[in-house]
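# Commentary on secondary and tertiary structure
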Amino acid sequence: MVCVAKSQVGGSKQAGTSGAPKRRRGSRIAAELMAELAADPDWVRRKAERDALHSARQQEDAEEFAVVRRALDAAGLPSEDFGRFTSGRHPDVIRQSVFDYKAAVPVFWRSSPWSQRLR
């Protein structure tokens, strides 16, 4: 059996608490860490490099995604849900995808830039 004090599970506040984030001695909150990192020129440079690489990859992926989407449309397959994945666990909350992935497989293999790289 585990016993938990009332103050640990949202009970009454102790006198003198201000609602500020509690922390152990020596730990930092996220804002302090980010301020420290932002003051480090090497970290700022590396972050800018990572961000630029990420943006370039996103642009490349968007162009390749558009190629596949056009191929799906040309094959008569609706592409509006292409790339949209749902689990089907909460259909009342998350609209289910109508993308026919089985019918789309041949289109993927013929037109996908990703499959071209595998050859």
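Procedures and definitions
Residues numbered from 1 in each chain as written. Predicted model: local features only at pLDDT ≥ 70, side-chain atom pairs only at ≥ 80, totals over all residues. Heavy atoms only, no water. Helix = DSSP H or I, 4+ residues; strand = E, 2+ residues; numbered from the N terminus. Buried < 20%, exposed > 50% of the residue type's maximum accessible area, 1.4 Å probe, protein only. Contact = heavy atoms within 4.5 Å. Areas by Shrake-Rupley, 256 points an atom, 1.4 Å probe, with all protein chains shown as cover. Arc of directions from axis to C-beta. Axes fitted to C-alpha atoms, helices over the stretch in contact; angles between N-to-C directions. Parallel < 35°, antiparallel > 145°, perpendicular 65-115°, else oblique. Left-handed = near helix turned anticlockwise from the far one by under 90°. Polar contact = N/O pair within 3.5 Å; in protein donor to acceptor, adjacent residues only side chain to side chain. Salt bridge = Lys/Arg side-chain N within 4 Å of Asp/Glu carboxyl O. Core = buried A, V, L, I, M, F, W, Y, C linked by side-chain atoms within 4.5 Å. Phe/Tyr/Trp six-rings, centres within 6.5 Å; stacked < 30°, edge-to-face > 60°.

## Here's the deal with the overall build of the protein chain
Helix and strand content of the protein chain: 4 helices and 0 strands. Per-residue burial over the protein chain gives 13% buried out of 119 residues. In the protein chain, 34% of the contacts between residues at least 6 apart in sequence involve partners at least 24 apart. When the accessible surface of the protein chain is split by element, carbon and sulfur atoms take 57% of a total near 10,000 Å².

## Points about helix 3 (residues 101–111)
Here helix 3 has its buried residues at Ala104, Val107 and Ser111. Here the buried residues of helix 3 occupy an arc of 50 degrees about the axis, which is enough to place them on one side.

## Section: the packing of helix 2 (residues 41–74) against helix 3
It is the contact of helix 2 with helix 3, at a shortest axis distance of 10 Å, that shows an interaxial angle of 130 degrees. Classified by the angle their axes make, helix 2 and helix 3 are oblique. Considering how the two elements wind past one another, helix 2 and helix 3 form a crossing that is right-handed. Residues Val67, Val68, Ala71 and Leu72 of helix 2 lie in contact with helix 3, whose contacting residues are Ala104, Val107, Phe108 and Ser111.

## Regarding the side chain of serine 79
Relative to the helices and strands, serine 79 resides in the loop between helix 2 and helix 3. Within the structure, the side chain of serine 79 is placed 2.7 Å from the side chain of aspartate 73, a separation counted as a polar contact. Residues in contact with serine 79, not counting those within four places in the same chain, are Arg69, Leu72 and Asp73.

## Here we look at the pattern of salt bridges
This model, assessed by the stated rule, comprises 3 salt bridges. The partner of glutamate 36 in a salt bridge is arginine 28, with the nearest N and O atoms 2.6 Å apart. As a salt-bridge pair, glutamate 49 and arginine 45 come within 3.2 Å of each other at their nearest N and O atoms. Remark: arginine 45 and glutamate 49 occur in helix 2; sequence separation between them is 4 residues, near one turn of the helix. Owing to a relative accessible area of 46%, glutamate 49 belongs among the partly exposed residues under this scheme. Here arginine 45 falls in the partly exposed class, since its relative accessible area comes to 42%.

## Side note on the nonpolar core
Grouped together as the largest cluster of nonpolar side chains are 8 residues: Val68, Ala71, Leu72, Leu77, Phe82, Phe99, Ala104 and Val107. Mapped onto this core, the elements with two or more residues apiece are helix 2 and helix 3. The element that contributes the greatest number of residues to this core is helix 2, accounting for 3 residues.

## A short note on the packing of aromatic side chains
Applying the stated criterion to the full structure yields 4 aromatic pairs. Look at phenylalanine 82 and phenylalanine 99: their rings are 5.5 Å apart centre to centre, the planes differ by 45 degrees, and that puts the pair in the tilted class. With phenylalanine 82 in the loop between helix 2 and helix 3 and phenylalanine 99 in the loop between helix 2 and helix 3, this pair connects stretches of sequence that are 17 residues apart. Assigned by exposure class, phenylalanine 82 and phenylalanine 99 land together as buried.

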